[in-house]
Amino acid sequence: FFFQAEDGIRDVERSRGLGDVYKRQLSYNESTIEVITAPPLVHIPSTKALLTSKVLLAAQNISAYPKGAFTGEVNAESVKDFGIDWVIIGHSERRTLFQDTDDKLGLKVDEAIKQGMNVILCIGEKPEERESGKAWQSVEKQLLFFLDRKVDWKKIVIAYEPITKVTLTIEQVEEMAEQIRKWVQEKVTPEQAEITRIIYAGPVTEGNCKLFMMQKNIDGFLLGEEALSVSYTHLRAHETSLHLVCRLLLEKK
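Predicted model only: the values in this text are computed from it and were never measured.

A short note on the pattern of salt bridges
Taken as a whole and assessed by the stated rule, the structure comprises 11 salt bridges. Linking Asp100 and Arg94 is a salt bridge whose minimum nitrogen-to-oxygen distance equals 3.3 Å. The class for Asp100 is buried, based on a relative accessible area of 4%. Arg181 is the partner of Asp219 in a salt bridge, and the nearest nitrogen-oxygen pair spans 2.9 Å. With Asp219 in the loop between helix H10 (209-213) and strand S8 (220-223) and Arg181 in helix H8 (residues 170-187), this pair connects stretches of sequence that are 38 residues apart. Neither residue differs from the other here; Asp219 and Arg181 are each classed as buried. Residues participating in the shared-partner salt-bridge network are Arg94, Asp100 and Lys108.

Below, the structure is given as structure tokens:
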């Protein structure tokens, strides 16, 4: 499974470039891999018009409130009405720059699921928590918050997004993913643990993406602009790093 969030579509020209990229013979089995792009809200229409039906769309954020007098907010119902079935909730930038607290994120998840949307839920520790050996305690606290809200876990993809001063090793990421899956097994159900997708929302390079995908508990990635990189050395003609990752995922499956 592969998830791609494109933060780099900052204008119409960029969205056209994304459309061109996806039309360059992007080949994968839709029964085992999903490719999702999350452009800024104002560029969703132009991006949607340029993409093939194989590529799904996500919103980068939604309001914590339903329809009403909330000037400037875009609610889940409006996003769903536009044909968007996915939303990213809890990204570190939303938590740190816009003070999205657990309570506010809980409301956003509730609104999304109420509208039948799927949620890419970002969770992760801060640098000081990793350094003090409390990374798991931080992640578990975030998970427990949503457990208490009785969310529909079938609608949740867990994106592990650590905020660290030093890039984590593949072993550290896999260790956390394994702990998350074990938590779902114990706190939700063993059946849900089997089907829950845990993806890594951190730096992925040409050198390590295949190693990440060899791990038992890592099901995909939440990438930024690097998904459209053309600097990888093992790319075939007209490919981006997105094409390469899809090829490697096919090898894994």
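Overview of the packing of aromatic side chains
Inspection of every chain in the model, using the stated rule, returns six aromatic pairs. An angle of 35° between the planes, with centres 6.5 Å apart, marks the rings of Tyr160 and Tyr200 as tilted. With Tyr160 in strand S6 (residues 156-160) and Tyr200 in strand S7 (residues 198-200), the pair connects residues that are 40 residues apart, well separated along the chain. Among the residues examined, Tyr160 registers a relative accessible area of 1% and is labelled buried. Residues Phe212 and Phe221 carry aromatic rings whose centres are separated by 6.0 Å and whose planes lie at 80° to one another, so their mutual orientation is edge-to-face. On the accessibility criterion, Phe212 (1% relative accessible area) is buried. Geometry around Phe82 places Lys48 over its ring, the cationic atom sitting 4.9 Å from the centre. Stacked on the ring of Phe98, the Lys or Arg Arg94 has its end atom at 4.2 Å from the ring centre.

What counts, and at which threshold
- Residues numbered from 1 in each chain as written.
- Predicted model: local features only at pLDDT ≥ 70, side-chain atom pairs only at ≥ 80, totals over all residues.
- Heavy atoms only, no water.
- Salt bridge = Lys/Arg side-chain N within 4 Å of Asp/Glu carboxyl O.
- Buried < 20%, exposed > 50% of the residue type's maximum accessible area, 1.4 Å probe, protein only.
- Helix = DSSP H or I, 4+ residues; strand = E, 2+ residues; numbered from the N terminus.
- Phe/Tyr/Trp six-rings, centres within 6.5 Å; stacked < 30°, edge-to-face > 60°.
- Lys NZ or Arg CZ within 6 Å of the ring centre and 35° of its normal.

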